[in-house]
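Spelled out from the first residue to the last, the chains are:
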Amino acid sequence: MAESESGADKSEEPTEKRLRESREKGQIARSRELNTLVVMLAGAGGLLASGGSLGNSLLEIMRGSFELSREAIMHEGTMAIWLIGSGKLALEAVMPLFVVLLIASIVGPIGLGGWLFSAEAMAPKFSRMNPLAGLKRMFSAKALVELLKALAKFVVILLVALAVLSFDRDDLLAIAHEPLESAILHAAQVVGWSTLWMACGLILITAVDVPFQLWDNKQKLMMTKQEVRDEYKDSEGKPEVKSRIRQLQREMAERRMMQAVPEADVVITNPTHFAVALKYDPAKGSAPVLLAKGGDFTALKIREIAQEHSVMLLESPALARAVFYSTDLDQEIPAGLYLAVAQVLAYVYQIRQYQAGKGKRPGPLPDLPIPPDLRRDE
């Protein structure tokens, strides 16, 4: 189990934030053995695929370079022309192989850890110039592992190379007795197959190194319980600060709600436990909107503000509870309460007409139809 610098056990899995920050810093699992294997396999495959054309191009360059006439040799510009031509021919011959190696050098690193470009990882770190830190890295467990890997790689490549040379000994000796054209093509083929077999010898080392790099990178990212708690506090905020923020948000929302009460058409009460303020504006919507709601002390404040601004107060406990529990602020009431609220608004209109001397005094508010699914009993 990994330990932090303070000695605490790193027993917790890395969080998403820790993983994201490690990628931003370029701290991801990488295997140089995997990169070497991919490049060598690609190079061997490219050499086997393009060895014939590469050998023919080499023969053509040699013919052009050694079959110059006396006039061409003595001419000042001929040598430069032949040099440019030979360079162009050589470049065209090796270009496919270079492209394959370039692709392999890109695919190899992203095969483990994915694509990553980190400016922070590229920035110079003067701490690495500290001799003491360098000595510490030289004699660390990771340095020992790298040394063992290098020795294992040397031994494996040496054994494979000896086996390949032993197996291809007859072919190598036969090249010396072949014509130049076939000798060059044969040599390219032998080199390609030899490189391929030596690359295959790295498969065993890569199979060990890749899981080790994944494990080692995970161990570096493991966290202590205290680090997890500190990160949670940093990302989510301290509980007392969050509580204070929520309190301020509630106070602001309540002030805005109270400022909207004078605009209401009616305030429906429980009569003391709940109060809801409704407004109906046909130009803005098809249903009444809840401007304010509250219970106990907040309900009292809503009733006081409504009385100060001559907003109609009506007692309907069932409707007040139904609106309170089913509707959010600044939202239209549910369709199941349309009929009940419409009767309330009609009753309010009749009372206003009576107060203006334009109609008879309406009777008591009738029982309102509240759907069972919206009814809330105390």
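Treat the numbers as computed from the prediction; the structure is a model and nothing was measured. (Residues numbered from 1 in each chain as written. Predicted model: local features only at pLDDT ≥ 70, side-chain atom pairs only at ≥ 80, totals over all residues. Heavy atoms only, no water.)

S.K.: What is the right way to read helix H14 (residues 317–326) from this model?
M.R.: For an α-helix, the turn length of 3.6 residues means that residues three or four places apart are oriented alike. Within H14, seven of the ten residues are buried, which leaves the element mostly enclosed by the surrounding structure. Buried residues belonging to H14 abut strand S1 (266–269), strand S2 (274–279), strand S3 (289–295) and helix H15 (338–355). (Buried < 20%, exposed > 50% of the residue type's maximum accessible area, 1.4 Å probe, protein only. Helix = DSSP H or I, 4+ residues; strand = E, 2+ residues; numbered from the N terminus. Contact = heavy atoms within 4.5 Å.)

S.K.: I would appreciate a short explanation of the packing of helix H7 (residues 141–167) against helix H10 (residues 203–221) in the present structure.
M.R.: The relative placement of two packed helices is expressed as an angle between their axes plus a distance between the axes. Where H7 meets H10, the axes come as close as 12 Å, and the angle between the chain directions of the two elements is 170°. With respect to H10, the axis of H7 lies roughly antiparallel. Side by side, H7 and H10 meet where Lys-142, Val-145, Glu-146, Lys-149, Ala-152, Lys-153 and Val-156 of the first sit next to Ile-205, Asp-209, Phe-212, Gln-213 and Lys-220 of the second. Partitioning the contact of H7 with H10 into residue classes produces five nonpolar, one polar and six charged. (Axes fitted to C-alpha atoms, helices over the stretch in contact; angles between N-to-C directions. Parallel < 35°, antiparallel > 145°, perpendicular 65-115°, else oblique. Nonpolar A, V, L, I, M, F, W, Y, C, P; charged D, E, K, R; others polar.)

S.K.: Honestly, the side chain of Asp-265 in this entry has me stumped. Any pointers?
M.R.: With respect to the element layout, Asp-265 can be found in the loop between helix H12 (239–260) and S1. Lacking a salt bridge, the buried Asp-265 has Lys-279 as its closest oppositely charged neighbour, with an N-O distance of 4.1 Å. Those residues in contact with Asp-265, other than ones at most four positions away along the chain, are Leu-278, Lys-279, Tyr-280, Val-311, Met-312, Leu-345, Val-348 and Arg-352. (Lys, Arg positive; Asp, Glu negative; His and termini not counted. Salt bridge = Lys/Arg side-chain N within 4 Å of Asp/Glu carboxyl O.)

S.K.: Would you mind showing me how to read H7 here?
M.R.: Taking 1.5 Å per residue, 27 residues should reach 39 Å; H7 reaches 39 Å between its end C-alpha atoms and fits that length. Within H7, burial applies to Glu-146, Lys-149, Val-160, Ala-161 and Val-164. (Expected span 1.5 Å × (residues − 1).)

S.K.: Please explain the packing of H7 against helix H9 (residues 180–200) as it appears in this structure.
M.R.: Here H7 crosses H9 at 145°, and the two axes come no closer than 9 Å. The interaxial crossing formed by H7 with H9 has right-handed handedness. Contacts between H7 and H9 involve Ile-157, Val-160, Ala-161 and Val-164 from the first element and Ser-194, Trp-197 and Met-198 from the second. (Left-handed = near helix turned anticlockwise from the far one by under 90°.)

S.K.: How should I be thinking about unusual backbone geometry in this particular structure?
M.R.: Peptide bonds are trans in most cases, and residues, glycine excluded, mostly fall at negative phi. Of note in the backbone geometry, Ser-310 takes a positive phi value of approximately 60° without being a glycine. Within the element layout of this structure, Ser-310 appears in the loop between helix H13 (297–308) and strand S4 (312–315). The backbone of Asp-330 sits at a positive phi, close to 65°, despite the residue not being glycine. By the element assignment, Asp-330 lies in the loop between H14 and H15.

S.K.: Whenever I open this one, the sheet that holds S4 confuses me. Can you help?
M.R.: Pairing between the strands of a sheet comes from backbone hydrogen bonds, and it takes one of two forms, parallel or antiparallel. Spatial ordering of the open sheet is given by S3-S2-S1-S4, a layout of four strands whose pairing is mixed. Each of the sheet's edge strands pairs with one partner strand only, and the pair in question is S3 and S4. Mean inter-strand twist for the sheet, computed between neighbouring axes without regard to direction, equals 20°. Sheet topology note: the S1/S4 ladder contains four bridges and is parallel. Across the sheet, Ile-268 pairs through a bridge with Leu-314, a residue of S4. Set on the sheet, H13 makes contact with S1, S2, S3 and S4; between it and S3 the angle comes to about 130°. This element, H15, spans S1, S2 and S4 of the sheet and lies at about 130° to S4. (Pairing = 2+ DSSP bridges.)

S.K.: Got a minute to help me understand the pairing of S2 in this structure?
M.R.: Side-chain direction in a regular strand flips from residue to residue, so the side chains alternate between the two faces of the sheet. A large share of S2 lies buried, amounting to five of its six residues. By the bridge criterion, four bridges tie S1 to S2 in an arrangement that is antiparallel. Residue pairing across strands places Thr-269 opposite Ala-275, the latter belonging to S2. Adjacent in sequence and paired antiparallel, S1 and S2 are bridged by four residues. Relative to S3, S2 runs antiparallel, the two being bridged by six bridges. Residue pairing for S3: Leu-278 is matched across the bridge by Leu-290.

S.K.: I would appreciate a short explanation of the UniProt feature "transmembrane region" (unreviewed entry) in the protein in the present structure.
M.R.: UniProt records the feature "transmembrane region" (unreviewed entry) at residues 37–61, 97–123, 144–167 and 187–212, using the numbering of this structure. Overall, residues 187–212 shows 92% helix and 0% strand. The separation of its end C-alpha atoms is 38 Å. (UniProt positions renumbered as here; feature names shortened; annotations may be inferred.)

S.K.: Teacher, can you tell me more about the environment of Asn-270 here?
M.R.: The residue Asn-270 is located in the loop between S1 and S2 in this model. With relative accessibility at 5%, the residue Asn-270 sits in the buried group. For the pair Asn-270 and Ser-316, spaced 46 residues apart in sequence, the C-alpha to C-alpha distance is 5.9 Å. Within the local environment of Asn-270, its side chain forms a polar contact with the side chain of Arg-321, the two groups lying 3.2 Å apart. (Polar contact = N/O pair within 3.5 Å; in protein donor to acceptor, adjacent residues only side chain to side chain.)

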